[in-house]
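The primary structure of each chain is shown beneath.
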Amino acid sequence: MSDPASDRTTLHRYAHRASYDRSSVNAILDQGIVCHAGLQTDKGYPVVIPLAYGRLDDLVYLHGSAASRLFRNARRPSVEICVTVTFVDGLVVARSTYNTDINYRSVVILGEAFEVTDPEEKRRGLEALVEHIIPGRSRDARPPTDKELRSTMLLRLALTESSAKIRTGWPIDEDEDYDLPIWAGVIPFTQQVGAPLRDPALNFALDPPEYVAHYQRAREPAHAPR
């Protein structure tokens, strides 16, 4: 396991669940679609909102409206944001309510976000975001116009200060509780992707492209507890 990037990303409670290597962080980010970004606004109160995101190498791009209050606050100098991504992989049903738990994977990223103003980087970042959500879509869909680019704000956040936290496994009960006649185990959670639905306004007899017909997220880990 790699060392934490900073004290801020060092896990102290349940530290054995921490993972600081970039491959673990990337694997969780690459499966996700929505993150939650939080910051302290210039009005003096905190805000947390869900956002679409995409990862490109060691950067995460956050997509929002140029009129977004959070984005306008986040681009201010010396303002830091916190971005999180979480997956629930199962409910851990223990013999006691105290030891009931959740199998999960999560990533926390801390740092200063910067607005992408260079037009070429902005286009690359938006394409990376689209490809993160629907791989293959950029080669088929119409790219954004200059007007659409102006109405969109893209923030760039480095993965320098990031950490993952992962819980897998069976219930961990008190020694004396194993003699209780109470069921215990794990209820696995999985992501399911349904068949694509045709837009009623589609004016052409088109089959969905391969990447839509067989859409899936990044490969999930085995859900059997270890």
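## Points about the environment of Glu-115
Now for step 1: If you trace the backbone, Glu-115 turns up in strand β7 (residues 114–115).
Now for step 2: Along the chain, Glu-115 and Ser-2 lie 113 residues apart, while their C-alpha atoms are 30 Å from each other.
Now for step 3: Here Glu-115 is in contact with Arg-75, Met-153, Leu-154 and Leu-155, once residues within four sequence places are set aside.

## Describing the state of the cysteines
Here a disulfide denotes one covalent bond, and it connects the sulfur atoms of two cysteines.
Now for step 1: The tally for this structure, following the rule as stated, stands at 0 disulfides.
Now for step 2: Between Cys-35, a free cysteine, and Cys-82, which holds the nearest cysteine sulfur, the sulfur-to-sulfur gap is 10 Å.
Now for step 3: Classification of Cys-35 by relative accessible area gives buried; the value is 0%.

## A closer look at the pattern of salt bridges
Pairing is possible between side chains that carry opposite charge, provided their charged atoms lie close to one another.
Now for step 1: Considering all chains together, one arrives at 8 salt bridges under this definition.
Now for step 2: We note a salt bridge from Arg-55 to Asp-30, for which the minimum N-O separation is 2.8 Å. Taken together, the residues span a long stretch of sequence, with Arg-55 in strand β3 (residues 46–56) and Asp-30 in helix α1 (residues 22–31) at a distance of 25 residues.
Now for step 3: Of the charged contacts in the structure, one is a salt bridge between Arg-156 and Glu-121, with a shortest N-O distance of 2.9 Å. Residue Arg-156 is found in strand β8 (residues 152–158), and its partner Glu-121 is found in helix α3 (residues 119–133); the two are separated by 35 residues along the sequence.

## Comments concerning a nonpolar patch on the surface
Now for step 1: There is a patch of nonpolar side chains on the surface, built from Val-88, Leu-91, Ile-102, Ile-187 and Phe-189 and spanning about 360 Å² of accessible area.
Now for step 2: Residue placement: Ile-187 occurs in strand β10 (residues 185–188).

## Some details on the nonpolar core
Now for step 1: Of all hydrophobic cores here, the largest spans 26 residues; its most connected members are Leu-29, Leu-62, Ile-81, Val-83 and Ile-109.
Now for step 2: The set of elements that each furnish at least two residues to this core consists of α1, β2 (34–40), β3, β4 (59–65), α2 (69–74), β5 (80–93), β6 (101–112) and β8.
Now for step 3: Counting residues per element, this core draws most heavily on β5, which supplies 4 residues.
Now for step 4: Setting aside residues no more than four positions away along its own chain, Leu-29 makes contact with Tyr-53, Arg-55, Val-60, Val-85, Val-107, Ile-109, His-132 and Leu-159.
Now for step 5: Counting residues in hydrophobic clusters, the runner-up holds 5 residues, among them Tyr-61, Val-116, Leu-126 and Leu-154.

## Observations concerning α3
Now for step 1: If you check α3, its first and last C-alpha atoms are 21 Å apart, about what 15 residues at 1.5 Å a residue would give, namely 21 Å.
Now for step 2: Contacts made by the buried residues of α3 are with α1, β3, β4, α4 (146–150) and β8.

## A word on α1
Now for step 1: Buried within α1 we find Val-25, Asn-26, Ile-28, Leu-29 and Gln-31.
Now for step 2: On the buried face of α1, the contacting elements are β3, β4, β5, β6, α3 and β9 (161–167).

## Some words on the confidence of the model for the protein
Now for step 1: Summing up the model confidence of the protein, the mean pLDDT is 88 and the portion of residues at 70 or higher is 91%.
Now for step 2: Here residues 221–226 is modelled with pLDDT under 50, and outside its nearest four sequence neighbours on either side it reaches 12 contacts, counting other chains as well.

## As for the side chain of Asn-99
Now for step 1: As for its placement among the helices and strands, Asn-99 is situated in the loop between β5 and β6.
Now for step 2: Polar contacts involving the side chain of Asn-99 include one to the main-chain carbonyl oxygen of Ile-172, which spans 3.5 Å.
Now for step 3: One polar contact links Asn-99 to Glu-174, side chain to side chain, over a distance of 3.3 Å.
Now for step 4: For Asn-99, the contacting residues outside a window of four places in its chain are Ala-94, Ile-172, Asp-173 and Glu-174.

## What about the environment of Val-34?
Now for step 1: Among the structural elements, Val-34 can be located in strand β2.
Now for step 2: C-alpha of Val-34 to C-alpha of Leu-62: the two residues are 28 residues apart in sequence and 9.8 Å apart in space.
Now for step 3: In contact with Val-34, other than residues within four places in its own chain, are Pro-50, Leu-51, Tyr-53 and Val-85.

Reading the values: the criteria
Residues numbered from 1 in each chain as written. Predicted model: local features only at pLDDT ≥ 70, side-chain atom pairs only at ≥ 80, totals over all residues. Heavy atoms only, no water. Helix = DSSP H or I, 4+ residues; strand = E, 2+ residues; numbered from the N terminus. Contact = heavy atoms within 4.5 Å. Disulfide = S-S within 2.5 Å. Buried < 20%, exposed > 50% of the residue type's maximum accessible area, 1.4 Å probe, protein only. Salt bridge = Lys/Arg side-chain N within 4 Å of Asp/Glu carboxyl O. Patch = residues over 30% accessible without salt bridge, like charges linked within 9 Å, V, L, I, M, F, W, Y side chains within 5 Å. Areas by Shrake-Rupley, 256 points an atom, 1.4 Å probe, with all protein chains shown as cover. Core = buried A, V, L, I, M, F, W, Y, C linked by side-chain atoms within 4.5 Å. Expected span 1.5 Å × (residues − 1). pLDDT = per-residue confidence, 0-100. Polar contact = N/O pair within 3.5 Å; in protein donor to acceptor, adjacent residues only side chain to side chain.

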